[in-house]
Each structure stands twice: as structure tokens, then as C-alpha cells.
Amino acid sequence: MITKKHKDLAQDMLGFAKQNGCSASRISIGCGTDSSFEYRDTKLEQLQQSSQNQLSISLFVDGRFGSYSTNRIEENELKKFIKNAIDATRYLAEDPHRTLPNPDLYYKGNDAPDACYDKQFEQLQPDEKLQLAKAAVEEVYQTDPRIVSVSGSYGDGDWFSYLVDSNGFEGEKAQTAFNIYASVSLKSDGDARPESWWYDESLFWDKLQKEGIGKKALERALRKLGQEKIKSGVYPMIVDNMNVSKLLSPVISALNGNALAQKNSFLIDKLGQKIASGKWTLSDEPHLPQAGGSRWFDNEGVATRPRTIIENGVLQTYFIDTYNANRLKMQPTISGASILTFKQGDKDLEGLIAQLKKGILVTSFNGGNSNSSTGDFSFGVEGFLIENGKLVKPVSEMNITGNMLTLWERLAEIGNDARLNTSWRTPSLLFDGVSFSGI
Amino acid sequence: MQRRDFIKTGGMALVGAALLPNLLQSCHAGTKEGVALMLAHFGVSENELKKVIAAALEKGGDYADLFFEHTFYNQLSLQDGAVNRAYSNIDFGMGVRVIVGDQTGYAYVENITMDEMLKAARTAARIASGNATVKAVNVSETTFTNYYPFVTSWEDVSVKDKMPYVQKLNDRCFALDNRVVKVMASQDDSTSYILFCNSDGVLCADYRPMTTLNVSCIMEENGKTENFYSNRGFRKGVEFLTDDIVETIAREATEGAARMFKAVKPKGGELPVVLAAGSSGILLHEAIGHAFEADFNRKNISIFSDLFGKKVCDEHINIADDGTIAGNRGAINFDDEGTAGQKTYIVTNGVLTSYLHDRISAKHYGVAPTGNGRRESFRFAPMPRMRSTYMENGNATEEEIIASVKNGVYASVFTNGQVQIGAGDFTFFVKSGYLIENGKLTRPIKDINVIGNGPKALADITMVANNQQLDGSTWTCGKNNQSVPVSLGLPSVLVKKLTVGGE
């Protein structure tokens with residue numbers, strides 16, 4: 001955990017940087033521990049345990065900027081490291097846009113830094129963890145003759161961080177995380193071994209789902225048996241709540257200040273304009289209690305606040321940090337989203353499927369990419385053919401291709417099944433008119 | 001956590017992140033290799049290593065190894081026309097691995113003291129649960145062929161020596177095409193000190209250089225914006241930085257971006273695909289390389305698990321995975337578990353002749369390890385990974401191959417790929433290529449995903465040209481949350497049928 005020694009060291013190093021010519025500097029110290037247990041079929045496959053430290057420092061020297069990090073955090077060694085870093089920074093070209101944030105924007109609250117830390121983490125014994133991994137496997141091992149391998153794992157960790165800068169910002173955070181994962185491989189006709197997985201994760205031990213992970217992985221693998229590709233065509237597409245992030249991610253990247261500054265975004269100059277279906281409202285909710293991704297301040301110390309990103313299809317904000325605000329001559333917002341939430345509809349995944357006469361449910365993406373300048377994308381997919389409101393056939397080895405702006409304009413319906421154990425709380429979505437290529 | 005394995009090249013992800021200074025204190029003299037120097041570097045003695053290994057084996061492990069690493073990473077980056085950001089990182093530590101049968105215990109420490117190392121050894125030892133069976137080990141220095149000789153170490157130059165090349169990269173892009181509006185460029189290098197010791201008695205040292213040069217340019221024409229990138233990555237010293245390499249990648253990036261404006265998307269569906277020589281080696285990496293990694297096969301979860309010794313493609317095809325190409329991004333003098341760098345034929349005359357092994361899988365199959373036991377850093381246990389994966393020459397010409405296709409695509413620049421080991425479905429993203437119409441390359445194409453199935457695609461390779469090329473781009477391969485540098489290569493080939501994205 002972060003100790004007084006860590007804090008004193010960080011403060012001393014800020015002082016040392018100043019003495020050696022830095023006009024400003026920022027330090028973050030992080031430390032934590034991890035453990036993981038992977039069980040396969042009848043044996044423990046792998047156990048791992050570790051602890052780590054990291055110190056990062058950003059230096060503003062003679063109008064120049066560099067950032068440096070090390071896991072060697074002994075004082076004398078650090079001084080040498082910082083001295084070298086200052087010398088290196090001095091060689092660079094000047095960049096007048098590099099500054100610390102305006103202190104008015106700093107988080108100044110008194111909220112507990114450990115609201116996302118579970119003290120039970122310290123009490124858990126290795127045997128208990130191993131048993132969870134083993135139990136995930138034993139739920140399904142040898143329950144079906146088609147199973148060729150089952151693997152289950154348990155992992156946990158804690159992470160503590162401390163951020164301080166020469167303008168007087170000081171903040172810290174502690175967090176725990178627990179996860180259970182299972183995967184099942186099956187023998188099919190031919191050489192293919194369809195595989196699927198399931199997991200749960202939580203910041204809190206008591207909230208971690210400890211049963212049913214293996215069974216769910218098996219169920220997901222079984223339903224993939226007999227996958228084939230179908231005819232190319234334009235179909236309505238439902239993307240399940242596990243996979244929406246693949247389509248959301250290019251949009252979020254396009255809102256980033258650096259992408260805008262480098263003219264590497266398909267959403268330049270779109271503030272206040274309609275960029276997507278009127279059904280889409282997307283928000284950043286950084287202060288949801290005990291939630292993964294929640295935070296009071298970003299990596300510069302700037303206070304987070306709830307923000308509407310897209311309202312009824314109209315773009316409301318970009319993610320602009322201090323540097324890009326200076327470069328773009330815009331007001332800073334925040335360096336990035338914390339917890340993304342959708343305004344949800346009234347149907348769950350089954351409900352979305354039930355209303356489709358014909359379409360494709362996408363349950364996994366396989367590779368592909370999106371052009372950051374134009375929004376043109378092409379992704380591999382697998383899932384199910386939907387006919388008359390039912391899943392009739394597993395499909396795979398197909399691509400979807402299109403443009404991000406067109407795709408999100410065709411968002412037809414939003415599910416009510418957002419996953420709450422991740423920081424991107426995506427529900428299942430229905431899009432009209434998506435180009436699939438297959439046979 | 002998903003058993004999805006991917007590869008990507010650096011350029012497209014060149015965000016405004018890090019840049020670079022040279023922070024390293026030179027602490028070497030003359031040769032930078034040699035066990036004695038490395039022992040001194042990490043402040044440990046042979047005797048201490050033996051004690052840590054003994055502690056690792058005290059619960060009955062069959063085998064233990066210790067991996068020490070000290071890596072200095074530097075990056076310089078340019079945006080808005082000036083080299084205006086530096087980033088460096090230092091990573092230091094050692095990992096202890098204990099194996100019993102197929103099972104692995106692993107722990108690492110960032111402070112290399114006897115107390116900490118013994119603690120880590122006893123944590124890793126818990127994978128076993130009996131009494132020590134391996135007697136005290138003797139270690140002796142093992143030396144290997146050096147596949148990454150360099151002239152000047154990255155530790156011997158500073159920011160000011162490297163900056164001009166990054167600046168020139170920017171300036172050349174702007175000079176080559178007046179439609180260029182933004183250039184992002186970066187250069188990075190890393191230097192790793194490695195010391196390795198195991199209970200078989202191997203004690204060895206390595207000094208690993210790595211460097212990349214990247215550029216991404218944004219171009220505007222008639223209100224439209226496009227981007228393109230180029231990069232190169234090698235295990236080389238400072239001599240890697242030349243005006244020639246700057247010119248090459250500046251041209252690739254600007255010519256690529258210009259081509260984008262004319263590019264179309266093909267009509268999607270199953271089409272013959274001609275893969276250009278060089279970076280099309282991504283086909284091998286995804287379609288078969290991962291599925292040949294023996295951990296997936298010993299676990300019986302690869303689509304190739306039952307195909308060992310069988311004919312998997314045309315009898316004229318030979319495919320190797322090679323750690324011995326001098327200065328190559330996939331070169332390794334010894335892998336991260338002390339096995340010599342080597343060249344491994346995975347397909348010989350069309351027959352699957354070897355999986356890619358680490359020590360665990362080699363023992364499982366009763367064969368010698370193939371030098372594929374690699375890890376991202378001391379924070380991870382090694383597993384089977386590719387090095388440089390390529391197909392050898394056939395006897396067609398590229399012209400003949402293109403001429404044989406009535407309606408298809410020609411793919412030549414790729415950004416990333418992925419595979420599902422069990423189902424065998426793999427994909428790669430074509431950043432740039434051409435339509436083939438009536439045996440001729442016609443309009444450029446762009447931004448299209450291609451998907452296929454490993455064994456089927458391999459069997460569908462019907463023509464192989466005589467123009468084999470290794471690709472020098474900065475490929476990084478991801479597996480189970482560990483990234484390692486790799487490279488790949490291919491002569492031009494015809495794959496009879498793959499599913500091409502399109503509208």
C-alpha cells in the first residue's frame with residue numbers, strides 16, 4: 001500500500017526536480033500485488049504470485065516536456081534517474097502547450113480513497129483461491145463426451161496509487177479486483193475444437209459470482225457446434241452486451257483530444273451536431289459508487305464529473321486534456337471517460353431477438369480494424385442466424401464491413417441488459433442494414 | 001484472458017504517447033556479454049543462484065529456472081513538426097519458475113536480494129507438494145551463437161544523436177507530398193541485460209538490443225482525410241538509423257496515404273486472394289503458426305492437435321520458424337528458458353513436421369525443445385511463441401499468379417490479425433491492396449478484413465512464387481496477455497478462396 005515513505009519520497013523528488021531546473025513536475029507512484037491460479041482438467045496448471053512498484057514522473061523543463069518511469073524506487077538511484085531525465089528533456093524541441101492543469105480544475109474533495117478497496121483481499125488464503133479455480137472446472141469436467149479440455153482460473157490483485165504535482169495537487173486511490181474465468185474446448189466433427197469461455201469480475205469479493213462460470217462456458221461452447229458461414233448480404237445485426245465495446249471503441253477514440261489535434265479522427269468539428277441515431281444517449285458517470293472505473297480525478301488530477309457524451313444522437317463533448325486544450329485552443333474537459341453508460345431500452349437480448357424476422361446475432365468478433373481518419377471498418381464475426389425471432393444456426397467465418405458514422409446512424413434499438421461489472425456498461429444493441437460477407 | 005491470439009504492427013497504434021531520452025548509464029566495458037559481467041550487473045554469485053534453485057525445488061519440482069532482466073527503454077516522438085516528447089522506462093527484476101510435469105509455479109521480485117529471491121522461490125515451489133528429489137545442481141557457463149551483432153549500442157548515444165532522424169522523417173513526408181497535413185513519427189530502442197540459470201546446469205547471459213522507427217501521416221484531398229503508416233523494427237544497434245531507412249518509410253507512408261484516396265472496397269464474399277511477398281507472412285502467423293504452438297496441442301485444444309505427421313498442404317511447401325536470422329526482430333541467441341536459438345521446419349514438403357516447443361511441451365511429447373520458450377519479461381513464465389515465421393520459395397512467378405486470377409484481390413499491406421486456436425478461424429486486416437480483374441491489378445482497395453480457416457486456407461494455397469521476402473515491419477505478437485517481438489515472411493502466393501470483407 002501507499003505509505004508515508006512513498007509520499008515523502010514523491011514530495012522529495014518533486015523538490016529535487018525543481019532544484020535541478022524543472023519549472024513543474026508531476027509524480028505518480030503505484031504498487032500492488034497479484035495472484036492467479038489456473039486449473040486444467042484434473043490438475044493445477046499454473047500458479048503465479050507477484051508484487052510490483054512503479055514510479056512515473058513528468059518533467060517540464062525550459063519549455064520542454066518528457067515523461068519517465070522506473071520500478072527502481074530507491075532514493076539515490078531515483079535522483080540519478082531524474083537528473084538524466086532532465087538532461088534528456090533539455091535536448092528536445094520546445095513545446096509551449098505543455099503545462100500542468102489549471103489548479104482550479106483539480107479535485108479538492110475529501111472522499112475516501114479506498115471506496116473500491118475490499119479488506120477481505122488480505123484475508124484470502126491460496127487454498128481458497130485454488131478451490132475456486134478447481135470448482136469452475138469440476139462443474140463441467142467429464143459431463144459431456146464432447147469435452148476435450150476445461151480450464152478454470154481465479155485471479156485477484158490490489159493496486160494503490162498516489163499522484164502529486166508541483167502545483168499542489170495530491171490524491172490517492174486504492175482498489176481490489178477479483179475474477180473467475182473458465183473455458184471449455186469441444187471435439188466436433190472434423191478437426192475443429194470449438195471453444196468458449198465465461199467469466200465474472202468484481203472489485204469486491206462478496207459480489208464475485210463464484211458458481212456457474214464453468215457451466216456457462218460449456219453452454220456457450222456447445223451452442224457453437226455446427227458453425228458455418230452463410231450467404232453474403234445486408235442483415236439487421238444484434239450485438240450482445242459482451243461485444244458492443246468493439247464497435248464503441250473507435251467512436252470513443254475519435255473523441256480524444258490527441259486524435260483531434262492530429263486530424264486523425266472522423267469526428268472532427270462535430271460538436272453539437274447529430275452524429276448518430278436519435279435513439280442513442282451515452283454518458284460518462286465517474287462517480288457511481290463501488291464501481292469499476294469510478295474515480296474522482298483523472299491522471300492529471302483534474303476532477304471528474306458526470307457528462308453526457310452523446311444525447312439523442314447529438315455530440316455533446318470531446319475528451320480534452322490540458323495539453324490538447326492548449327494546442328486546440330479549447331476548454332479542457334477530462335483526459336478520458338471513466339464509466340460509460342447507455343440510456344437503456346426496455347428489452348433484454350431475447351426480446352431483441354424475438355422481434356426479428358431475419359437477422360444475425362453477433363456473439364464474438366474476430367480481428368479486423370477501423371480506419372481512425374474515415375471510420376471505415378471491417379471486422380470478423382461469429383454468432384447466430386436469427387429467423388422468425390429464434391436462433392436457428394450458429395455462423396462463423398464472416399466479416400461485417402461499413403463506416404462507423406453510418407453504422408451508429410442505423411442504431412435501431414438499445415437493450416436493457418448492460419453489464420455492470422465492467423467500466424463500459426454496454427447493453428445489447430440492434431443495428432439495421434449491416435453488410436455481412438460470407439459465401 | 002480469452003484464448004485469442006493476435007498480432008499487430010506498430011504504426012497504426014502510434015498515438016501521442018511516449019517519446020524518448022537516453023537515460024542509461026553505461027556500465028559495460030568491451031564485450032557486453034558474458035556471464036561474469038551479468039553476475040556482477042545483477043549483484044549475484046553462482047553460489048547464490050544455486051541456493052535459490054535448491055529452494056525452488058525443495059517441494060519436489062522436476063525443474064527450476066531463474067531469469068534476470070534489466071531493460072532500458074527509450075522513445076522519442078514527434079508531433080506538430082518537432083521532436084517534442086521523450087519517454088523512458090526502466091524495468092528490473094527476476095523471476096523464478098518451478099515445473100513439475102506440465103504444471104508451473106511462478107513468482108518474481110523487483111528487488112534482487114537473497115531474501116526476496118528465496119521467498120519467490122518458495123512461492124513458486126508450491127506448485128509441487130512433496131520432498132525435494134533433484135539433487136544439488138552444478139551450473140556452468142553455456143555460450144551461444146550471437147545473432148544480433150551490433151556496431152554501436154543504444155547505451156552509447158543520447159537523445160541528440162537520435163533526434164535528427166525523427167525530424168528528417170517528418171520533413172521528408174511533408175516534402176514528398178503536399179497533401180500531407182500531419183505527421184506523427186517516433187523512434188524507440190531498448191536494451192536488455194539478461195542472465196539465466198536453470199537446474200539442468202545452464203548458466204548464460206545475453207545482451208539484447210531492439211529498435212523501431214515509425215511514421216504515420218495524415219493527408220487531405222478535396223475535403224477527404226486518409227492516413228497511412230510505415231515502420232521498421234530490428235534487433236540492431238544505432239547503425240540501424242540511416243537516411244536510407246528514413247527515406248524508405250517516408251515514401252511508404254506518403255505513397256500509401258495517396259493510394260487511399262483512389263481506393264475502393266471490394267464486393268465482399270469468397271474470393272481468390274493473392275498475397276504479396278513479405279508482410280503477407282501474417283497468413284502463416286495466424287492460419288497455422290499459433291495453432292502449431294505446442295502448448296495448445298498438448299492441451300488438445302488446437303485444430304492441428306491430431307494432424308502431426310500428416311500432409312497439411314501442397315508437397316512443394318516448406319515453412320520454418322527461425323530465431324537465427326541476424327538482426328531480425330524475431331532473432332534470439334537463446335530463448336527465455338536457455339535453449340539455443342534455432343531454425344525449426346514446421347512444414348516440410350507439405351507435412352506437419354514439428355510443433356513449436358517450450359521445455360514443458362517438449363517433455364510432454366518426448367522431443368527436444370525447439371527454442372520457442374519465450375516471455376515478455378521477468379514478470380511472466382515462458383510459453384511456446386513464434387520467432388520469424390516464413391515460407392520458402394516456390395517456382396511460380398508473381399506475374400503468373402496474378403494472371404491466373406479472373407476476379408479476386410491482391411493484398412500487400414496489413415495492420416493486424418487474430419486467430420481462434422480451436423475453431424481455426426483466423427483473420428487479417430488488409431490496409432492496402434488491389435482488385436484483380438481478368439488477371440490484372442486494377443483499382444486499389446483499402447481497410448478490408450479477410451477471414452478464413454487455418455487448415456482449409458493452408459490446403460488452398462495452390463501457387464507459390466519464387467520471390468520470398470522477410471518483412472521488416474515491427475510485428476508484435478500477443479498471447480495470454482504477453483507480447484513478444486516477431487517477424488514474418490512469404491513469397492507471393494495464391495490462396496484459392498478466403499472470405500473478403502466488403503459492401
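Reading guide: rules and limits
- Residues numbered from 1 in each chain as written.
- Chains lettered and ligands numbered in written order.
- Predicted model: local features only at pLDDT ≥ 70, side-chain atom pairs only at ≥ 80, totals over all residues.
- Helix = DSSP H or I, 4+ residues; strand = E, 2+ residues; numbered from the N terminus.
- Rg over C-alpha atoms; globule rule 2.2 N^0.38 Å.
- Buried ≥ 20, exposed ≤ 12 C-beta atoms within 10 Å, placed from the backbone.
- Contact = placed C-beta atoms within 7 Å.
- Nonpolar A, V, L, I, M, F, W, Y, C, P; charged D, E, K, R; others polar.
- Pairing = 2+ DSSP bridges.
- Domains from an automatic or database assignment.
- Expected span 1.5 Å × (residues − 1).
- Arc of directions from axis to C-beta.
- Core = buried A, V, L, I, M, F, W, Y, C linked by C-beta atoms within 7 Å.
- Axes fitted to C-alpha atoms, helices over the stretch in contact; angles between N-to-C directions.
- Left-handed = near helix turned anticlockwise from the far one by under 90°.
- Parallel < 35°, antiparallel > 145°, perpendicular 65-115°, else oblique.
- pLDDT = per-residue confidence, 0-100.

Chemist: Quick rundown of the overall build of chain A? Include the residues and the values.
Modeler: What chain A contains, in helices and strands, is nine helices and 17 strands. Taking 22 Å as the expected radius of gyration for a compact globule of 439 residues, we find that chain A reaches 24 Å, a close match to that expectation. For chain A, the spread of C-alpha atoms along the three principal axes comes to 70 × 55 × 40 Å. Expressed as a percentage of its 439 residues, the buried residues of chain A come to 53%. Long-range pairs, those at least 24 residues apart, make up 70% of the contacts in chain A with a sequence separation of at least 6.

Chemist: Quick rundown of the overall build of chain B? Include the residues and the values.
Modeler: Helix and strand counts for chain B stand at 10 helices and 22 strands. Here the C-alpha atoms of chain B give a radius of gyration of 24 Å, agreeing with the 23 Å that 2.2 N^0.38 yields for 503 residues. If one aligns the C-alpha atoms of chain B with their principal axes, the spans along those axes are about 70 × 55 × 35 Å. Looking at chain B residue by residue over its 503 residues, the buried ones come to 64%. Considering only intrachain contacts with a sequence separation of at least 6, the fraction spanning at least 24 residues in chain B is 78%.

Chemist: Any details on the interface of chain A and chain B? Residues and values, ideally.
Modeler: Where interface size is given, it is often the accessible area lost as the parts come together that is meant. With 68 residues of chain A at the contact, the number on the chain B side is 80 residues. Per-element tally for the side of chain A that touches chain B: the top contributor is strand β2 (residues 43-61) of chain A, with 10 residues. Classifying every residue of the side of chain A that touches chain B by side-chain character gives 19 nonpolar, 37 polar and 12 charged. Pairing analysis gives five bridges linking strand β3 (residues 64-70) of chain A to strand β3 (residues 82-100) of chain B, with the strands arranged parallel. Across the sheet, residue Y68 of chain A finds its bridge partner in β3 of chain B, namely S88 of chain B.

Chemist: Pulling in residues and values, what's your account of the domain arrangement of chain A?
Modeler: Residue and element names in this part refer to chain A. Here chain A is partitioned into domain 1 (4-222) and domain 2 (227-439). Using C-alpha coordinates to define each centre, domain 1 is positioned 25 Å away from domain 2. If you look at the interface, domain 1 gives 23 residues, while domain 2 gives 18 residues. Taken together, the elements giving at least two residues each to the side of domain 1 that touches domain 2 come down to β4 (147-165), β5 (170-186) and β6 (195-202). With three residues, the top contributor of residues to the side of domain 1 that touches domain 2 is β6. Residue composition of the side of domain 1 that touches domain 2, grouped by class: 12 nonpolar, five polar and six charged.

Chemist: Report on the sheet that holds strand β8 (residues 282-284) of chain A, specifying residues and quantitative values.
Modeler: Spatially, five strands are ordered β10-β9-β8-β11-β16 (chain A) in an open sheet, and the strand pairing comes out mixed. The sheet is open, and its two borders are formed by β10 (314-315) and β16 (424-425) of chain A, each paired with just one other strand.

Chemist: Now, about the pairing of strand β6 (residues 180-198) of chain B: what can you tell me, with residues and values included?
Modeler: Residues and elements named next belong to chain B. Most of β6 sits inside the fold, with 17 of its 19 residues counted as buried. Pairing geometry for strand β2 (residues 63-79) and β6, over 14 bridges, is antiparallel. Residue pairing across strands places S77 opposite S186, the latter belonging to β6. Direction of pairing for β6 relative to strand β7 (residues 202-221): antiparallel, over a ladder of 17 bridges. Within β7, the residue paired with Y193 across the bridge is Y207. With antiparallel pairing between neighbouring strands as the criterion, β6 and β7 make up a hairpin whose turn holds three residues, including G201 at a positive phi of roughly 100°.

Chemist: Kindly report on helix α3 (residues 126-138) of chain A, identifying the contributing residues and their values.
Modeler: Count 3.6 residues to each turn of an α-helix, and residues three or four apart come out pointing the same way. All names here are of chain A. For α3, which comprises 13 residues, the first-to-last C-alpha distance of 18 Å matches the rise-based estimate of 18 Å (1.5 Å per residue) to within 8%. Three or more residues of α3 are buried, namely K129, L132, A133, A136 and V137. Projected down its long axis, α3 shows its buried positions confined to an angular sector of 140°, all on one face. Across from the buried face of α3, at angles greater than 90 degrees, the exposed residues are D127 and E128. Buried residues in α3 make contact with β1 (22-40), β4, β5 and α4 (213-222).

Chemist: Tell me about the nonpolar core, and name the residues and values.
Modeler: With 192 residues, the main nonpolar core has V215, C217 and V273 of chain B as its most contacted residues. The leading source of residues in this core is strand β17 (residues 425-437) of chain B, at seven residues. Residue-level mapping places this core at the junction of two domains, with at least three residues from each of domain 1 (4-222) and domain 2 (227-439) of chain A. With residues near it in sequence (within four places) discarded, V273 of chain B still touches G408, V409, A411, V450, V495, L498 and V500 of chain B. Within the second largest apolar cluster, 81 residues are counted, among which are Y154 and F178 of chain A together with Y106 and F196 of chain B.

Chemist: Describe the environment of E300 of chain A, with residues and values.
Modeler: Residue and element names in this part refer to chain A. Mapped onto the fold, E300 is located in the loop between β8 and β9 (307-311). By C-beta crowding, E300 is classed as buried, having 20 other C-beta atoms within 10 Å. Considering only alpha carbons, one finds E300 and S28, 272 residues apart in sequence, at a separation of 9.8 Å.

Chemist: Quick rundown of helix α5 (residues 243-262) of chain B? Include the residues and the values.
Modeler: Under the 1.5 Å per step criterion, the end-to-end length of α5 of chain B is 29 Å for 20 residues, consistent within 8% with the ideal 28 Å. Taken as a whole, α5 of chain B has its buried residues at V246, I249, A250, E252, A253, T254, G256, A257 and M260 of chain B.

Chemist: If you had to explain the pairing of β9 of chain A to someone new, which residues and values would you point to?
Modeler: Residue and element names in this part refer to chain A. The pairing of β8 with β9 spans three bridges and is antiparallel. Bridge pairing in β9 links D284 to R307. Of the pairings in the sheet, the one linking β9 to β10 comprises two bridges and is antiparallel in character. Bridge pairing in β10 links I310 to L315. Connecting β9 to the antiparallel partner β10 that follows it, the hairpin turn spans two residues, and N312 within it adopts a positive phi of roughly 45°.

Chemist: Could you give an account of the packing of helix α1 (residues 4-19) of chain A against helix α2 (residues 75-90) of chain A, with specific residues and numbers?
Modeler: Packed helices, taken two at a time, are described by the angle between their axes plus the distance between the axes. Residue and element names in this part refer to chain A. Taken N-terminus to C-terminus, the directions of α1 and α2 make an angle of 35°; their axes are 11 Å apart at the nearest point. Where α1 crosses over α2, the two elements pack in a sense that is right-handed. Contacts between α1 and α2 involve L9, M13, F16 and A17 from the former and E75, L78, K79 and I82 from the latter. Looking at the contact of α1 with α2 residue by residue, the classes come out as six nonpolar, no polar and two charged.

Chemist: Please provide a residue-by-residue account of unusual backbone geometry, values included.
Modeler: Residues other than glycine seldom take positive phi values, yet D41 of chain A does so here, at roughly 55°. Within the secondary structure, D41 of chain A sits in the loop between β1 and β2. Under the C-beta neighbour-count criterion, D41 of chain A is labelled partly exposed, with 17 such atoms within 10 Å. The backbone of N300 of chain B sits at a positive phi, close to 70°, despite the residue not being glycine.

Chemist: Summarise the packing of helix α4 (residues 159-176) of chain B against α5 of chain B; cite the residues concerned and give the values.
Modeler: Residues and elements named next belong to chain B. The geometry of α4 relative to α5 is characterised by a closest axis approach of 9 Å and an angle of 40° between their N-to-C directions. Looking at the two axes, α4 sits oblique to α5. With respect to the hand of their crossing, α4 and α5 are arranged in right-handed fashion. Of the residues in α5, those touching α4 at Y165, K168, L169, R172, C173 and L176 are V246, E247, I249, A250, R251, A253 and T254. When grouped by side-chain class, the residues that make up the contact of α4 with α5 number eight nonpolar, one polar and four charged.

Chemist: How would you sum up the confidence of the model for chain B? Please name residues and give values.
Modeler: All names here are of chain B. When pLDDT is averaged along chain B, the result is 91; 93% of the residues meet or exceed 70. Confidence over residues 10-32 falls short of pLDDT 50; this stretch has 72 contacts with residues more than four positions distant or in other chains. Across the whole predicted complex the pTM is 0.93, and at the interface the ipTM reaches 0.94.

Chemist: How would you sum up the environment of C173 of chain B? Please name residues and give values.
Modeler: Residue and element names in this part refer to chain B. Counting through the fold element by element, C173 comes out in helix α4. Between the C-alpha atoms of C173 and E255, which are 82 residues apart in sequence, the distance is 9.6 Å. Ignoring anything within four residues of it in the chain, the contact list for C173 reads V180, V183, V215, C217, A250, A253 and T254.

Chemist: Give me the environment of E220 of chain B: which residues, what numbers.
Modeler: Residue and element names in this part refer to chain B. In this fold, E220 is placed in strand β7. Since 16 C-beta atoms lie within 10 Å of it, E220 is described here as partly exposed. Distance in space between the C-alpha atoms of E220 and Q187 is 25 Å, their sequence separation being 33 residues. Apart from residues lying up to four places away in sequence, E220 is in contact with R179, V181 and T225.

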